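Breakdown of the fold
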Amino acid sequence: MDNDIAICCKEVTKKYPIYKNDAERLKGLLFPKFRPNMFTALHEIDLTVKKGEILGIIGLNGSGKSTLANIISGITYPTSGTVYTNGEISMLSVNAGIDNYLTGRENIYYKCVLLGFPPKYVKEIEDDIIQFADIGIYIDQPVRTYSSGMRSRLGFAISVFMNPDILIIDEALAVGDSSFTDKCLSKIQEFKEKKKTIIFVSHYVGQMQDFCDNVLWLHKGRIVGLEKPDKIIKPYCAFAREFNTMTKAERETFMPSLKAYQEKYSG
């Protein structure tokens, strides 16, 4: 594998069993030959991300964005296909690696030590993490008392100060206020200048216009297109508006074409 490659997915497919009830679920555990209905969340995804690249992933709910991010980060595994990653990975979503019953400060140590960082190093970066999170006295309160925005602040602060080679951000900036979002985007820019690799999963495509090198559009677990932001964001937004006006039957069978939407709306 080329050393310039940070992430490489080849024919990655992910399927989940669909059980009608608990009895069927138990049957699946007891009888290995039992075959429930399967839902295919990803269909033979081929994707290559170079070191230092910022890749945005867009798509409607249920398109497979988070599933792909989780597979790349190692949280879950593909049903078939291969995934290659080159470097340390940190996954940032609102609930990733955060224990509700620990305080914010305790979570800093918990998550860092769990990922193999020595306590001495965690002590060195603790104040920087707390300052960046900027949640005041709540740093010593249980995380279960936090708002979603405060959880996002803490999770982002911990993840970026781990200094990973690959940072995966899954909708974590959507719950923060605008000032914190600006701070996060500034940190992402620093990562970009350091040639870090970033996967940016979000419904907020406007953020991708300025920061992403390329944007991947998924729909129903399939790749619609992979392009520069200015060639894919406008067609995607047009598709999303049209999709919302379709009937349920139309939505179930419709598969967008990037080329068609580019020809229709990019002029």
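As a starting point, this report considers the structure included with it. (Residues numbered from 1 in each chain as written. Predicted model: local features only at pLDDT ≥ 70, side-chain atom pairs only at ≥ 80, totals over all residues. Heavy atoms only, no water.)

Concerning the sheet that holds strand S8 (residues 214-219)
- Overall, mixed pairing links the 6 strands, which are arranged S5-S6-S7-S3-S8-S9 in an open sheet. Only two strands of the sheet have a single partner each, and these edge strands are strand S5 (89-92) and strand S9 (222-227). Between one strand axis and the next, the sheet turns through 15° on average, direction left out of account.
- Pairing between strand S3 (residues 54-58) and strand S7 (residues 197-201): 4 bridges, direction parallel. What sits directly across from Gly 56, in S7, is Phe 200.
- Sheet contacts for helix H2 (residues 65-73): S3, S5, strand S6 (166-170), S7 and S8; angle to S5, the most-contacted strand, approximately 150°.
- Helix-sheet contacts for helix H5 (residues 148-161) involve S5 and S6, and the interaxial angle to S5 is about 170°. (Pairing = 2+ DSSP bridges. Helix = DSSP H or I, 4+ residues; strand = E, 2+ residues; numbered from the N terminus. Axes fitted to C-alpha atoms, helices over the stretch in contact; angles between N-to-C directions. Contact = heavy atoms within 4.5 Å.)

Here's the deal with the sheet that holds strand S1 (residues 5-18)
- With antiparallel pairing, the 3 strands of this open sheet are ordered in space as S2-S1-S4. Looking at which strands have only one partner, the edges of the open sheet turn out to be strand S2 (37-50) and strand S4 (80-85). Taken pair by pair, the neighbouring strands of this sheet meet at an average axis angle of 20°, ignoring direction.
- With respect to the sheet, H2 is in contact with S1, S2 and S4, its orientation differing from that of S1 by roughly 120°.

Digging into the packing of aromatic side chains
- Throughout the structure, instances matching the rule amount to 10 aromatic pairs.
- Ring geometry for Trp 217 against Phe 239: centres 5.3 Å apart, planes inclined by 50°, an arrangement best described as tilted. Separated by 22 residues along the polypeptide, Trp 217 in strand S8 and Phe 239 in helix H8 (residues 229-245) bring together distant segments of the chain.
- On the accessibility criterion, Phe 239 (0% relative accessible area) is buried.
- Ring centres 5.3 Å apart and planes at 50° place the aromatic pair Phe 239 and Phe 243 in the tilted group. (Phe/Tyr/Trp six-rings, centres within 6.5 Å; stacked < 30°, edge-to-face > 60°. Buried < 20%, exposed > 50% of the residue type's maximum accessible area, 1.4 Å probe, protein only.)

A short note on the nonpolar core
- Ile 108, Leu 154, Phe 156, Ile 158, Ile 169, Ile 188 and Trp 217 are the most contacted members of the largest nonpolar core, which totals 51 residues.
- Residues Val 12, Leu 47, Ile 72 and Met 91 belong to the second largest nonpolar core, which totals 21 residues. (Core = buried A, V, L, I, M, F, W, Y, C linked by side-chain atoms within 4.5 Å.)

Details of H8
- Here H8 is 17 residues long and its end C-alpha atoms lie 25 Å apart, about the 24 Å a rise of 1.5 Å per residue gives.
- Looking at the buried residues of H8, the elements they touch are S3, helix H7 (205-211), S8, S9, helix H9 (248-253) and helix H10 (258-265). (Expected span 1.5 Å × (residues − 1).)

Structural notes on the pattern of salt bridges
- Per the counting criterion, the structure on display carries 6 salt bridges.
- Between Asp 140 and Arg 105 there is a salt bridge, and its shortest N-O distance comes to 2.7 Å. One end of the pair, Asp 140, is in the loop between helix H4 (119-133) and H5; the other, Arg 105, is in helix H3 (residues 104-114), and 35 residues separate them in sequence.
- For Arg 105, a relative accessible area of 28% translates into the label partly exposed.
- With a shortest N-O distance of 3.4 Å, Glu 190 and Lys 187 are connected by a salt bridge. Here Glu 190 and its partner Lys 187 are both found in helix H6 (residues 178-193), 3 residues apart, which amounts to about one turn of the helix. (Salt bridge = Lys/Arg side-chain N within 4 Å of Asp/Glu carboxyl O.)

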